[in-house]
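Residue-level structural notes
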Amino acid sequence: MTARPRVVVLGRQGSGKGTQGMRLAGQLGVPHLSTGDLFRAAVRAGTEVGAEVDHLLKEGLLVPDDLVIDVVRDEAERSQWSVTGYVLDGFPRTVAQAEAFFGTPHIDLPPEATSHGAFDVAISLDVPLAEARRRLATRRVCPVCGTIVSVDDAAVEAIPCPRGDGTAVRRGDDRDDAIDRRLALYERETGPLAPWFAAWGRLVTVDGTGTADAVYQRLVDSLAPFVGLTAVPPH
Ligand code: ADP
């Protein structure tokens, strides 16, 4: 058990890792860090990094490893991850990113012994491909508060946000061609990370189907031995 848990969430797009990761971070009292959010914020702010990644995000392609590693290292230092702990969502997404940050299983020391890149446990949220594709095609996001809503009919582009005055819209990369590209890239580039984390002896696999509450309960049950979580608080 650890005072400042460090958790990595893996799972294909549409597996619910953003939703579950945010709730988990809230319960653990650690920051939730999404590289996708970091890149989207850079695009909105018109930074140099934003200009470099804008078209990659729109097309559903991966940002090159070197750039991702630089951005994450800067953020780790700025936010003092070694002090605060974290729930990481969307990083690492390739074995090269994982090794740059956490070292190499069987060669390096256990993860808690490394300097900036330690982790306690990785969770793999499992959702079948067809279900993930359906979730992405029907999800709409409020740009004002970030609330995610699901529409019944994938042809519906926008829906009033249930939490405020905003309108939830389709994310730029939740279009059929980009969805297929992202899911295929996930299989190829990120799929190998599950056995990679398992090689450290720190991977838990959680069934990501069913209601968000049911998934969260499973997740907390599986994590308990690693990060000292007990009961699911009221949501
Ligand atoms: P999703 O997982 O649904 O594709 P994210 O918000 O996690 O959404 O990421 C959005 C986009 O940001 C990705 O399609 C990719 O272009 C870029 N991205 C985020 N994290 C990484 C990463 N670790 N490596 C490479 N590209 C990334």
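Now for a description of the structure that goes with this document. (Residues numbered from 1 in each chain as written. Predicted model: local features only at pLDDT ≥ 70, side-chain atom pairs only at ≥ 80, totals over all residues. Heavy atoms only, no water.)

Let's talk about helix 8 (residues 176–190)
Threshold: The helix and strand labels rest on DSSP assignments: H or I over at least four residues marks a helix, E over at least two residues marks a strand, and numbering proceeds from the N terminus. By this rule the span expected of a helix is its residue count minus one, scaled by 1.5 Å. The classification of residues rests on relative accessible area computed with a 1.4 Å probe and restricted to protein chains. Under 20% of the type maximum is buried, over 50% is exposed, and intermediate values are partly exposed. Each C-beta atom gives one direction from the helix axis, and the arc is the one those directions make.
With 15 residues, helix 8 extends 20 Å between its outermost C-alpha atoms, agreeing within 8% with the 21 Å of an ideal straight helix rising 1.5 Å per residue. Buried within helix 8 are the following residues: Ala 178, Ile 179, Arg 182, Leu 183, Leu 185, Tyr 186 and Thr 190. The arc that holds every buried residue of helix 8, seen down its axis, measures 160°, which confines them to one face. For helix 8, exposure combined with an orientation more than 90 degrees from the buried face picks out Asp 176, Asp 177 and Arg 188.

Some words on the site of the ligand
Put simply, the test is: The near set for a molecule or strand comprises every residue that places at least one heavy atom within 4 Å of it. Contacts described as polar in this section are N or O atom pairs within 3.5 Å, which, within protein, must combine one atom able to donate a hydrogen with one able to accept it, while residues neighboring in sequence count only if both atoms come from side chains. All accessible-area figures derive from a Shrake-Rupley calculation using a 1.4 Å probe, and residue coverage is judged against the displayed protein chains alone. Residues were grouped as follows: Ala, Val, Leu, Ile, Met, Phe, Trp, Tyr, Cys and Pro as nonpolar; Asp, Glu, Lys and Arg as charged; and all remaining residues, including Gly, as polar.
Close contacts around the ligand come from 18 residues, with Thr 35, Arg 40, Leu 61, Arg 93 and Arg 182 the closest. One of the side-chain N or O atoms of Lys 17 is found 3.4 Å from an oxygen atom in the ligand. Contacts to the ligand include Arg 182, whose side-chain N or O atom sits 2.7 Å from an oxygen atom. In isolation the ligand offers 540 Å² of accessible surface; the protein chains occlude 97% of this area. Per element, the largest residue contribution to the shell around the ligand is 4 residues, and it comes from helix 2 (residues 35–45). Looking at the shell around the ligand residue by residue, the classes come out as 7 nonpolar, 5 polar and 6 charged.

Quick notes on a negative patch on the surface
What counts, and what does not: Patch building starts from residues that exceed 30% relative accessible area and form no salt bridge, then joins like charges within 9 Å and nonpolar side chains (Val, Leu, Ile, Met, Phe, Trp, Tyr) within 5 Å. Throughout this description, the term salt bridge denotes a Lys or Arg side-chain nitrogen within 4 Å of a carboxyl oxygen of Asp or Glu. His is not counted, nor are the chain ends, whereas Lys and Arg count as positive and Asp and Glu as negative. Working definition for charges: the position is that of NZ of Lys, CZ of Arg, CG of Asp or CD of Glu.
There is a patch of like negative charges on the surface, built from Asp 66, Asp 70, Asp 74 and Glu 77. Along the chain, Asp 74 turns up in helix 4 (residues 65–78).

Details of the sheet that holds strand 4 (residues 121–126)
Basically, it comes down to this: When DSSP locates at least two bridges between a pair of strands, those strands are taken to pair. Each axis is a line fitted through C-alpha atoms, and for a helix only the stretch in contact is used; angles between axes span 0 to 180 degrees, taken between their N-to-C directions.
One open sheet accounts for 5 strands, arranged 2-3-1-4-9; its pairing is parallel. Two strands in the sheet have a free side with no partner beyond their single neighbour: strand 2 (32–34) and strand 9 (203–207). Shown here is a sheet whose adjacent strand axes are inclined to one another by a mean of 25°, direction ignored. The pairing of strand 4 with strand 9 spans 5 bridges and is classified as parallel. Following the sheet pairing, Ile 123 is matched in strand 9 by Val 204.

Regarding the pattern of salt bridges
Scanning the model with the defined rule gives 17 salt bridges in all. Of the charged contacts, one joins Arg 78 and Glu 75 as a salt bridge, the two residues approaching to 2.9 Å between their closest N and O atoms. On the criterion of helical spacing, the pair formed by Arg 78 and Glu 75 is a turn pair, its members being 3 residues apart in helix 4. Glu 157 is the salt-bridge partner of Arg 175, the closest N and O atoms lying 3.8 Å from each other. Placement of Arg 175 in the loop between strand 8 (167–169) and helix 8 and of Glu 157 in the loop between strand 6 (148–150) and strand 7 (158–160) is noted, with a sequence separation of 18 residues between them. Judged by relative accessible area, Arg 175 falls into the partly exposed class, the value being 40%. What makes Glu 157 partly exposed here is its relative accessible area of 37%. The structure contains a network of salt bridges with shared partners spanning Arg 139, Arg 171, Asp 173, Asp 174 and Arg 182.

Re unusual backbone geometry
Here Phe 91 and Pro 92 are connected by a cis peptide whose omega angle stands at -5°. Examined against the element boundaries, Pro 92 turns out to sit in the loop between strand 3 (86–89) and helix 6 (95–102). The backbone phi angle of Gln 80 is positive, close to 60°, even though this residue is not glycine. Within the element layout of this structure, Gln 80 appears in the loop between helix 4 and helix 5 (81–84). For Gln 80, a relative accessible area of 45% gives the class partly exposed.

Observations regarding the nonpolar core
As a reminder, the rule being used: Buried Ala, Val, Leu, Ile, Met, Phe, Trp, Tyr and Cys residues form a nonpolar core when they are joined through side-chain atoms within 4.5 Å.
Among the nonpolar cores identified, the biggest contains 27 residues, and Val 8, Val 63, Trp 81, Leu 88, Phe 102 and Phe 197 are the most heavily contacted of them. A per-element tally of this core places helix 4 first, with 5 residues. Core analysis: the second largest hydrophobic core is formed by 18 residues, Val 7, Leu 125, Val 206 and Leu 219 among them.

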